[in-house]
Amino acid sequence: MNIARLAHFGFLTLPDYSMIAVSSAIEALRMANRCAGRTIYSWSVHALNDTPVPASNGMAIGPTTALGRTAAPDLLFVCGGVDVRSVVGKPHLAALRRLARQGVPLGALCTGTFALAEAGLLDGYRCAVHWEDAASMRDAFPAIELVNELFVLDRNRLTCTGGIGPLDMMLHLIEAKLGRVIAEHVAVTFILDRIRPSGERQPIAAGDRVSPDQPVLARAMGMIESRLDEPGLPATIADELGISLRQLQRLFRAHLDETPAGFIKSLRLQRAQAMLQARDLPVTAVAMACGFGSSAYFASAYRAHFGYSPRAERQLRAIAAASPRAAALS
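Residues numbered from 1 in each chain as written. Predicted model: local features only at pLDDT ≥ 70, side-chain atom pairs only at ≥ 80, totals over all residues. Heavy atoms only, no water.

Chemist: How should unusual backbone geometry be read in this particular structure?
Modeler: Glycine aside, the phi torsion of most residues is negative, and most peptide linkages are trans. The peptide bond linking Gly 62 to Pro 63 adopts the cis configuration, its omega dihedral lying at 0°. Assignment of secondary structure puts Pro 63 in the loop between strand E2 (42-47) and strand E3 (64-66). Phi at Asp 83 is positive, roughly 50°, even though this residue is not glycine. As for its placement among the helices and strands, Asp 83 is situated in the loop between strand E4 (75-79) and helix H2 (90-101). The backbone of Arg 155 sits at a positive phi, close to 55°, despite the residue not being glycine. If you trace the backbone, Arg 155 turns up in the loop between strand E8 (151-154) and strand E9 (157-160). What makes Arg 155 partly exposed here is its relative accessible area of 47%. (Helix = DSSP H or I, 4+ residues; strand = E, 2+ residues; numbered from the N terminus. Buried < 20%, exposed > 50% of the residue type's maximum accessible area, 1.4 Å probe, protein only.)

Dropping the structure here:
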């Protein structure tokens with residue numbers, strides 16, 4: 001799927017869908033048109049019939065068109081929310097399978113990923129879902145590869161987490177079509193300090209990432225988060241917990257889909273980003289304070305995680321502080 005060619009997006013609203021996820025995506029498209037000074041994007045809201053579907057906050061987006069009554073969009077997002085399993089019925093699954101047979105690219109916002117998986121349309125795909133549903137979906141759909149990332153493009157599927165994650169995803173699509181300047185203009189107009197890349201992990205509190213029946217893992221995560229600057233943490237923590245390093249690694253793999261080392265590096269990079277945004281310390285000092293052995297390795301890891309260098313972080317902060325109109329013309 002060539003994302004630079006996408007211009008019309010459809011949103012299939014499931015009952016109790018997440019309003020913030022859908023409105024974040026639509027508002028990004030609206031603002032892109034405004035910043036570009038012409039109509040580039042269009043969108044439509046769909047349901048199984050013409051009746052607007054209430055979101056989890058009791059409100060609904062209209063006008064709503066019955067799915068299949070008009071020409072198919074360039075990409076259709078399935079929009080889910082709370083208790084998605086109880087609202088996805090056979091008519092939804094049949095409609096999604098029909099669109100897939102017609103070659104319509106499909107995506108999902110928030111827990112809409114569940115609907116695509118239930119329809120058998122994500123088998124063999126990498127995909128993203130809101131963190132609250134990740135563990136149960138891994139158990140229910142072993143043929144799909146769920147990853148802890150904000151959004152995932154895999155061939156003709158584009159899945160995204162909830163909250164304001166869809167805004168980051170749309171900024172990625174806008175940049176592919178209209179360039180970085182327009183994407184940054186949209187971002188700063190919405191008071192965003194930066195555009196998060198697709199591979200960035202969902203920011204989840206440690207206590208919410210694991211189920212209550214995994215106390216050893218929860219304790220390990222808490223120990224890591226309180227001692228990020230210490231070297232050799234995985235082996236030290238495994239020893240203090242009275243388990244082997246291999247056991248600790250298996251726990252992280254099974255429940256977080258990452259290694260202890262990867263978890264540690266991600267947290268260190270998040271801390272580094274906060275320091276770069278809030279303080280004027282030299283990049284080398286930030287690297288050392290966050291447990292990185294060298295500024296070169298820090299810069300490489302930072303770029304791989306966020307999509308730009310530590311020095312660019314401060315430049316992006318300066319852009320966010322400037323007026324949107326000036327940022328678009330620079």
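After that view, the rundown keeps rolling.
Chemist: Even after reading the chapter, I still don't get the packing of aromatic side chains, so can you show me in this structure?
Modeler: How two aromatic rings sit relative to each other is given by the distance of their centres and the angle of their planes. Inspection of the entire model under this criterion finds eleven aromatic pairs. Seen in terms of ring centroids, Phe 11 and Phe 77 are 5.7 Å apart; in terms of plane orientation they differ by 25°. Their pairing is stacked. On the criterion of sequence distance, the pair formed by Phe 11 in strand E1 (residues 8-13) and Phe 77 in strand E4 is long-range, its members being 66 residues apart. Judged by relative accessible area, which is 0%, Phe 11 ranks as buried. For Phe 77, a relative accessible area of 0% gives the class buried. Taken together, the aromatic side chains of Phe 292, Tyr 297, Phe 298, Tyr 302, Phe 306 and Tyr 308 make up a single cluster linked through ring pairs. Above the plane of the ring of Tyr 125 lies Arg 155, whose end atom (NZ or CZ) is 4.1 Å from the centre. (Phe/Tyr/Trp six-rings, centres within 6.5 Å; stacked < 30°, edge-to-face > 60°. Lys NZ or Arg CZ within 6 Å of the ring centre and 35° of its normal.)

Chemist: So what exactly am I meant to see when it comes to the side chain of Thr 13 here?
Modeler: Tracing the sequence through the fold places Thr 13 in strand E1. Assessed through its relative accessible area of 3%, Thr 13 is described here as buried.

Chemist: Got a minute to help me understand the packing of helix H8 (residues 215-226) against helix H9 (residues 233-241) in this structure?
Modeler: In helix packing, the relevant descriptors are the interaxial angle and the interaxial distance, both defined with respect to the helix axes. Interaxial distance between H8 and H9 falls to 10 Å at its minimum, and their mutual angle equals 135°. In terms of axis orientation, H8 runs oblique to H9. With respect to the hand of their crossing, H8 and H9 are arranged in right-handed fashion. Listed contacts from H9 to Val 216, Arg 219, Ala 220, Met 223 and Ile 224 of H8 are Leu 233, Ile 237, Glu 240 and Leu 241. Among the residues making up the contact of H8 with H9, the classes are represented as seven nonpolar, no polar and two charged. (Axes fitted to C-alpha atoms, helices over the stretch in contact; angles between N-to-C directions. Parallel < 35°, antiparallel > 145°, perpendicular 65-115°, else oblique. Left-handed = near helix turned anticlockwise from the far one by under 90°. Contact = heavy atoms within 4.5 Å. Nonpolar A, V, L, I, M, F, W, Y, C, P; charged D, E, K, R; others polar.)

Chemist: Is there a simple way to explain the nonpolar core in this structure?
Modeler: Buried together is how nonpolar side chains tend to be arranged in soluble globular proteins. Among the nonpolar cores identified, the biggest contains 43 residues, and Phe 9, Phe 11, Phe 77, Leu 109 and Met 170 are the most heavily contacted of them. The set of elements that each furnish at least two residues to this core consists of E1, helix H1 (19-36), E2, E4, E9, helix H5 (165-178) and helix H6 (180-189). With ten residues, the top contributor of residues to this core is H1. Among residues more than four places away in sequence, those in contact with Phe 77 are Phe 9, Gly 10, Phe 11, Leu 12, Gly 107, Ala 108, Leu 109, Leu 158, Met 169 and Met 170. (Core = buried A, V, L, I, M, F, W, Y, C linked by side-chain atoms within 4.5 Å.)

Chemist: Mind showing me how you'd approach the environment of Thr 70 here?
Modeler: Note that Thr 70 resides in the loop between E3 and E4. A relative accessible area of 44% places Thr 70 in the partly exposed class. Taking the C-alpha atoms as reference points, Thr 70 and Arg 98, separated by 28 residues in sequence, lie 14 Å from one another. In this structure Thr 70 touches His 46 and Thr 65, once residues within four positions along its chain are discounted.

Chemist: For this particular structure, what's the right way to read the pattern of salt bridges?
Modeler: Oppositely charged side chains can pair when the atoms bearing their charge come close. Summed over all chains, the structure comprises eleven salt bridges. Across the pair Asp 154 and Arg 155 runs a salt bridge, and its minimum N-O distance is 2.8 Å. By relative accessible area, Asp 154 is classed as buried at 14%. Glu 230 is paired through a salt bridge with Arg 227; the nearest N and O atoms lie 3.1 Å apart. Among the ionic contacts, a cluster of salt bridges with common partners joins Arg 126, Glu 145 and Glu 149. (Salt bridge = Lys/Arg side-chain N within 4 Å of Asp/Glu carboxyl O.)

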